[in-house]
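Observations on the three-dimensional arrangement
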Amino acid sequence: MNTPYLLTDKQMQDFLINGYLVLQPISLDANFHSSIFTQTLSIFNDEGNPGNNILPRIPQLQNVFNDPIVSGALESLLGPKYTMQPHRFPHLTKPGTEDQPWHKDSYFLYPKPLRHHQLRYVMAMYYPQDVPLEMGPTAIRPRSQYDAADWVYDRNKTPPEDVDIKTDKQHDVRMVCTAGTVVLIHYDIIHKGTANRTKDSYRFMFKFQFNRLEEPTKPTWNHDPTNAVYDAADAGLLQPIVKHVWNWMMGGTMMIQQSSTEQDIINWKIQLHNKDSETRLNAAYNLALSNEYHVLIEQLSNNKEIYRLEAAYALTACRYNKNVINELQTVLKKEEKNEDQAYCIAFIFSEMGSIALETLPLLVHVLEITDSWLVKKYCCQALGTIQSNNQNDVDIVVRCLIHILLDRDQQLDTVNRSHARITAALSLANIGAKAAEATLVLKDALYFDQNRYVNGNALLALERIGTSEALKIVLDYLKTSRWCAKTNASSLF
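This write-up is about the structure you can find in this document. Remember, it's a predicted structure, so these values are computed and weren't measured experimentally. Residue numbers restart at each chain and count upward from 1, following the sequence in its written direction. Local features in this predicted model are restricted to residues whose pLDDT is 70 or higher, and side-chain atom pairs enter the listing and the counts only when it is 80 or higher, whereas totals over whole chains, interfaces and linings include all residues. Side-chain measures were taken over the full set of non-hydrogen atoms in the model, leaving aside hydrogen atoms and water.

Strands are runs of DSSP state E lasting at least 2 residues, helices are runs of H or I lasting at least 4, and numbering of each runs from the N terminus. Counting its regular elements, the protein contains 19 helices and eight strands. Expected size for 493 residues packed as a compact globule is a radius of gyration near 23 Å; at 22 Å, the protein falls within 12% of this value. C-alpha extents for the protein along the principal axes are approximately 60 × 55 × 50 Å. Exposure classes here rest on a 1.4 Å probe applied to the protein chains alone. A residue is buried below 20% of its type maximum, exposed above 50%, and partly exposed in between. Out of the 493 residues in the protein, the part that is buried amounts to 59%. To be clear on the numbers: accessible area is Shrake-Rupley with a 1.4 Å probe, and residue cover counts the displayed protein chains and nothing else. When the accessible surface of the protein is split by element, carbon and sulfur atoms take 49% of a total near 20300 Å². The charge count includes Lys and Arg as positive and Asp and Glu as negative, but it does not include His or the ends of the chains. A charge is said to be at NZ when it belongs to Lys, at CZ for Arg, at CG for Asp and at CD for Glu. In the protein, 48 side chains carry a positive charge and 55 a negative one; their mean positions are 3 Å apart. Computation of the radius of gyration draws on C-alpha atoms, with the globule rule given as 2.2 Å multiplied by the number of residues to the power 0.38.

With that settled, the discussion passes to the sheet that holds strand β3 (residues 121-126). Any two strands with at least two DSSP-identified bridges between them are counted as paired. Spatially, the five strands line up as an open sheet ordered β1-β6-β3-β8-β2, and their pairing is antiparallel. Among the strands making up the open sheet, the edge pair consists of β1 (20-23) and β2 (83-93). Each neighbouring strand pair of the sheet contributes to a mean axis angle of 20 degrees, computed without reference to strand direction. Where β3 and strand β6 (residues 182-186) come together, five bridges link them in antiparallel fashion. Opposite Ala124, over in β6, you have Leu184 as the bridge partner. Contacts are assigned to residue pairs with any non-hydrogen atoms lying within 4.5 Å of each other. Note on definitions: angles span 0 to 180 degrees between N-to-C directions of axes, and those axes are lines fitted to C-alpha atoms, for helices only across the stretch in contact. The strands touched by helix α2 (residues 30-47) are β2, β3 and β8 (203-211); relative to β8, the strand with the most contacts, the crossing angle is about 100 degrees.

Looking now at the nonpolar core. What makes a nonpolar core is a set of buried Ala, Val, Leu, Ile, Met, Phe, Trp, Tyr and Cys residues whose side-chain atoms join them at distances within 4.5 Å. Among the nonpolar cores identified, the biggest contains 168 residues, and Leu184, Leu296, Leu315, Leu328 and Phe349 are the most heavily contacted of them. At nine residues, helix α12 (residues 339-352) tops the list of elements feeding residues into this core. Apart from residues lying up to four places away in sequence, Leu328 is in contact with Ile297, Leu300, Leu315, Ile345, Ile348, Phe349 and Met352.

Next comes the structure, spelled out in structure tokens:
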């Protein structure tokens, strides 16, 4: 495989601000893209949409993501241990297709009220044919990836009051592009498919999803050390968010010091209830970076969900403040049966990572006693990002995740219950070799769980465990399974 072309500081900063990056692979020619288009059209005509099975049906698609420009960008954004998720989809826009509504993608059709401002998921969109304006290019709303409102696409659902459904035509970007273009987008950016106004032109877009498996400890792109401090003055209202995410991706080990006046603090507290979502988030993050965290913790008990979510996102920027972690633990102990507060605090700890190591016993306790599968889901997420070097801690965490994986009553398999198992399997993959105790349970989940995304993450976890026993299970499964979750460890296939 060719050496990856890593992104520059400027490209990374542009992505954190605008939420997308347009790439042109250098290892693939026009014949390759034409072949992908032809094969896909034939499959659609003969069998219909293969959905998640598109990669095993057209294995050559992996060459797109092995290209040094594309793989280098993914490594830069997600770290060298990124993986391809088991959900992928070829979208076909036929002549006469109308505009989609603006939306954020769900997580494999599962709701996730708190997503990720810190960069954990990236979506790749590959176009095997030219896409002129009249063919219905993907439209993207730059800088929308941090919006906390629920933008999940549902034709039968009335948009919440906090969602501005007006089209900002001045700033929307339509991805008019040439054959072979790959667009990387922040997973949570607002986007839509647009109308195909042609008479006979078919437009394919292949959607693949990637996520990081390890917390950042240093820059994973072509970083210039003289740019270590980035003020993000070019980010407008997103400035404090981008400053925080940049510091996190740099592997920063100390809290950002931000000077602010008493009047600034007063203004930001007032703006927490502004009608404009960007203004509210700007205020929340500025308060977090100014060590004014008490008001944000108070917001976690607000009756209005959007205020709770925005406060939770901002509190992740307090990850180096032990007082914040202690106060959040106090609240969680008191409100462990309060779903709205408990899942928000579990999410905050999950985004803090191993800095919040002291919260592990409380998270394990809440996971065991709560009746809320939403809370369990976020606790499982935290158990995958908060990693201990103490083997006793690891054993306790792995057993908790095993318990969630084994709890699969198919008759009572609610959406959040399923998503908790998906998350538990992914957290075991994050833990990797230390999760060897889970090998047989993961094998059981791989073969017998009826949720294909649990299957995919179980396969990934076994590969990451990496023992001879685990790898034999992986190889045996791949010999007999038509559908598989392709990871970036191509030596297995």
